[in-house]
Amino acid sequence: SALKYFTKFSFNKVHGLELSNTLAEICRNNFNILKKNNVKVYTQNATEFRRFTDYDFFYLYNPFPEEIMIKVINQLKQQVSNKEITIIYNNPVCHDIFVENEFYFLKKYPDMWGNGINVYSNKKNSSRLKKSNCYLIL
């Protein structure tokens, strides 16, 4: 549903990672029916994904336990060190891990469950929240 939601906005590509082949295939089929050509689903373990540099924005809904999140963050940091990225993290139970790994907390938005949605950047003086209101789509 997050992929579908983000297709409503002006992102050039809306891609997702799914570990389950079955769920990824269902998702691909649904987007073919909807004729959404900018959506792609990779069937891959996020700790082994090598294309993070292709993306500027990342949306997470608390997808991993702490030990996996650490591995994903390390992979992400290595790949995107030369550019600014923004992470939108819904139900941010691993907030401390992001901060400890030099992701800068930018803002917290409320959600209907009381968990909040945090926004982070890998650049300390990020101005993305000032340039765009696209973060309010959550």
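Residues numbered from 1 in each chain as written. Predicted model: local features only at pLDDT ≥ 70, side-chain atom pairs only at ≥ 80, totals over all residues. Heavy atoms only, no water.

Asker: Explain the overall build of the protein chain here, please?
Answerer: Within the protein chain, the regular secondary structure consists of 5 helices and 6 strands. Relative to the compact-globule value of 14 Å for 138 residues, the protein chain shows a C-alpha radius of gyration of 15 Å, a close match. Dimensions of the protein chain, computed from C-alpha atoms along their principal axes, come out at roughly 40 × 35 × 30 Å. Here the protein chain, with 138 residues, has 38% of them falling under the buried criterion. At a minimum sequence separation of 6, the contacts of the protein chain that also span at least 24 residues come to 63%. Split by element, the accessible area of the protein chain, about 8600 Å² in all, is 49% carbon and sulfur. (Helix = DSSP H or I, 4+ residues; strand = E, 2+ residues; numbered from the N terminus. Rg over C-alpha atoms; globule rule 2.2 N^0.38 Å. Buried < 20%, exposed > 50% of the residue type's maximum accessible area, 1.4 Å probe, protein only. Contact = heavy atoms within 4.5 Å. Areas by Shrake-Rupley, 256 points an atom, 1.4 Å probe, with all protein chains shown as cover.)

Asker: Where do I start with the nonpolar core in this structure?
Answerer: As a rule of thumb, nonpolar side chains are buried together in soluble globular proteins. One finds Met69, Leu76, Ile87, Tyr89, Phe98 and Phe103 to be the most contacted residues of the largest nonpolar core, which totals 21 residues. When contributions to this core are tallied by element, the ones reaching two or more residues are strand 3 (57-61), helix 3 (66-79), strand 4 (86-90) and helix 4 (95-100). Not counting residues within four places of it along the chain, the set of residues in contact with Leu76 comprises Phe52, Phe58, Ile85, Ile87 and Phe103. In terms of nonpolar packing, the next biggest core, distinct from the first, is built from 8 residues, Phe6, Cys27, Phe31 and Val41 among them. (Core = buried A, V, L, I, M, F, W, Y, C linked by side-chain atoms within 4.5 Å.)

Asker: Would you take a moment to explain a nonpolar patch on the surface for this structure?
Answerer: Taken together, Tyr61, Met112 and Trp113 make up a surface patch of nonpolar side chains, about 420 Å² in accessible area. Examined against the element boundaries, Trp113 turns out to sit in the loop between strand 5 (104-109) and strand 6 (117-121). (Patch = residues over 30% accessible without salt bridge, like charges linked within 9 Å, V, L, I, M, F, W, Y side chains within 5 Å. Salt bridge = Lys/Arg side-chain N within 4 Å of Asp/Glu carboxyl O.)

Asker: Explain the confidence of the model for the protein chain here, please?
Answerer: As a general rule, the predicted coordinates of low-pLDDT regions are not to be interpreted in detail. Per-residue pLDDT for the protein chain has a mean of 89; in total, 93% of the residues score no lower than 70. Counting contacts from residues 131-138, a segment whose pLDDT is below 50, to residues more than four positions away or on other chains yields 17 contacts. (pLDDT = per-residue confidence, 0-100.)

Asker: Mind showing me how you'd approach the pattern of salt bridges here?
Answerer: Close approach of charged atoms allows side chains with opposite charge to pair. Tallying each qualifying case throughout the model produces 3 salt bridges. Asp54 is paired through a salt bridge with Arg51; the nearest N and O atoms lie 2.8 Å apart. What makes Arg51 partly exposed here is its relative accessible area of 37%. Here Lys83 ties to Asp56 by a salt bridge, and the two come within 2.9 Å at their closest N and O atoms. Of the two residues, Lys83 is situated in the loop between helix 3 and strand 4 and Asp56 in the loop between strand 2 (39-43) and strand 3; the sequence distance between them amounts to 27 residues. The exposure class assigned to Asp56 is partly exposed, which follows from its relative accessible area of 37%.

Asker: Help me understand unusual backbone geometry, please; the structure alone is not making it clear to me.
Answerer: Most of the time, phi is negative for any residue but glycine, and the peptide bond is trans. With phi around 55°, Lys35 is a residue other than glycine that occupies positive phi space. Following the sequence through the fold, Lys35 ends up in the loop between helix 2 (21-33) and strand 2. What makes Lys35 exposed here is its relative accessible area of 67%.

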